[in-house]
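Coordinates in review
So the chains spell out like this:
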Amino acid sequence: MKSIIKKSIYILLIWLIVHTIIISIDGFSDSGKNADYAVVLGNKVNTDGTLSTRLEKRMKCALDLYESGRIKGFIVSGGFGQEGYYEGDKMREYLLKHGIPDSLIIVDNDGINTRNTVKNTLDMQDSLHYNSLIVVSQYFHITRTKALFRKAGLKNIYGASPLYFELRDFHSLLREFAAFYTQCL
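Note that this is a predicted model, so its numbers are computed, not measured.

The rules behind the values
Residues numbered from 1 in each chain as written. Predicted model: local features only at pLDDT ≥ 70, side-chain atom pairs only at ≥ 80, totals over all residues. Heavy atoms only, no water. Helix = DSSP H or I, 4+ residues; strand = E, 2+ residues; numbered from the N terminus. Rg over C-alpha atoms; globule rule 2.2 N^0.38 Å. Buried < 20%, exposed > 50% of the residue type's maximum accessible area, 1.4 Å probe, protein only. Contact = heavy atoms within 4.5 Å. Areas by Shrake-Rupley, 256 points an atom, 1.4 Å probe, with all protein chains shown as cover. Lys, Arg positive; Asp, Glu negative; His and termini not counted. Charge placed at Lys NZ, Arg CZ, Asp CG, Glu CD. Core = buried A, V, L, I, M, F, W, Y, C linked by side-chain atoms within 4.5 Å. Axes fitted to C-alpha atoms, helices over the stretch in contact; angles between N-to-C directions. Parallel < 35°, antiparallel > 145°, perpendicular 65-115°, else oblique. Left-handed = near helix turned anticlockwise from the far one by under 90°. Nonpolar A, V, L, I, M, F, W, Y, C, P; charged D, E, K, R; others polar. Pairing = 2+ DSSP bridges.

Before going further, it helps to spend a moment on the overall build of the protein chain. Within the protein chain, the regular secondary structure consists of seven helices and five strands. Its helices and strands taken in sequence order, the protein chain reads α-β-α-β-α-β-α-α-β-α-β-α from the N to the C terminus. Relative to the 2.2 N^0.38 estimate, which gives 16 Å for 185 residues, the radius of gyration of the protein chain is 17 Å and therefore close to what a compact globule would have. The buried share of the protein chain, reckoned over its 185 residues, is 50%. Put simply, 72% of the contacts in the protein chain that link residues at least 6 apart link residues at least 24 apart. Here the protein chain has roughly 9,900 Å² of accessible surface; of this, 58% comes from carbon and sulfur atoms. With 23 positive and 19 negative side-chain charges, the protein chain shows a separation of 10 Å between the mean positions of the two kinds.

Laid out in structure tokens, this is it:
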């Protein structure tokens, strides 16, 4: 019995390591393709109303996509944080401060998690007339988000992530391992 448990633990660890390598490679791989919109997934807004470094890096990544002509507009999606701000509204403010016309920014303040962001974004497809998206989030989050869009039927889905690391990424990688297999299969 101990041998079976030990082998099971080894298999699980190898699976976790391989999965982590694959999603990290995918998360940092940018196909260079163009899309109609960048969907920027929200994250923490500081208590003073400024974007957390993590969220600011995502926004800078999305701005770079726009400035290089790879997207036509932005869908910023997040929820109401414990700090007292709607993430989508704060992301919109960031884009406006960086010269993006309001007409190119779609705000989703009901994107409280990845599944809601995917659902809400797909619900806008007919009104926005888009055929392709670039998901902008942290590298470890890209694979699952793209998989959820594909599972819902969107074929032209790509990813872009900022080059930014934190210690909490280790926890996030473990969370993504579990979330991928519970939500995407």
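This next bit is on the side chain of S137. Structurally, S137 can be placed in the loop between β4 (132-136) and α6 (139-151). Aside from chain neighbours lying at most four places away, what touches S137 is L41, R58, I142, A160, S161 and P162.

As a further point, take the nonpolar core. Membership of the largest hydrophobic core comes to 23 residues, with the highest contact counts inside it found for M59, L95, I134 and V136. When residues of this core are traced back to their parent elements, those giving at least two are β1 (37-41), α2 (53-67), β2 (73-77), α3 (87-97), β4 and β5 (156-160). Counting residues per element, this core draws most heavily on α2, which supplies six residues. Residues V118, L122, Y130 and I157 belong to the second largest nonpolar core, which totals 19 residues.

Before going further, it helps to examine the packing of α6 against helix α7 (residues 169-183). Where α6 meets α7, the axes come as close as 9 Å, and the angle between the chain directions of the two elements is 15 degrees. If you check the angle between α6 and α7, you find them roughly parallel. Pair α6 / α7 crosses with left-handed handedness. On the side of α6, the interface is formed by Y139, F140, H141, T143, R144, A147, L148 and K151, while α7 contributes D169, S172, L173, R175, E176, A179, F180 and Q183. A breakdown of the residues in the contact of α6 with α7 according to their chemical character gives seven nonpolar, four polar and five charged.

Judged by pairing direction, the sheet is parallel, and its five strands sit side by side in the order β3-β2-β1-β4-β5 without closing on themselves. In this open sheet, the two edge strands, each paired with only one partner strand, are β3 (105-108) and β5. Within this sheet the neighbouring strands show an average axis-to-axis angle of 20 degrees, counted without direction. For β1 and β2, the ladder comprises five bridges, and the chain directions are parallel. The partner of Y37 across the bridge, within β2, is G73. Against the sheet, α2 contacts β1, β2, β4 and β5, and its axis sits at roughly 175 degrees relative to β1. Across the sheet, helix α4 (residues 114-123) touches β1, β2, β3 and β4, and the angle it forms with β1 is around 155 degrees.

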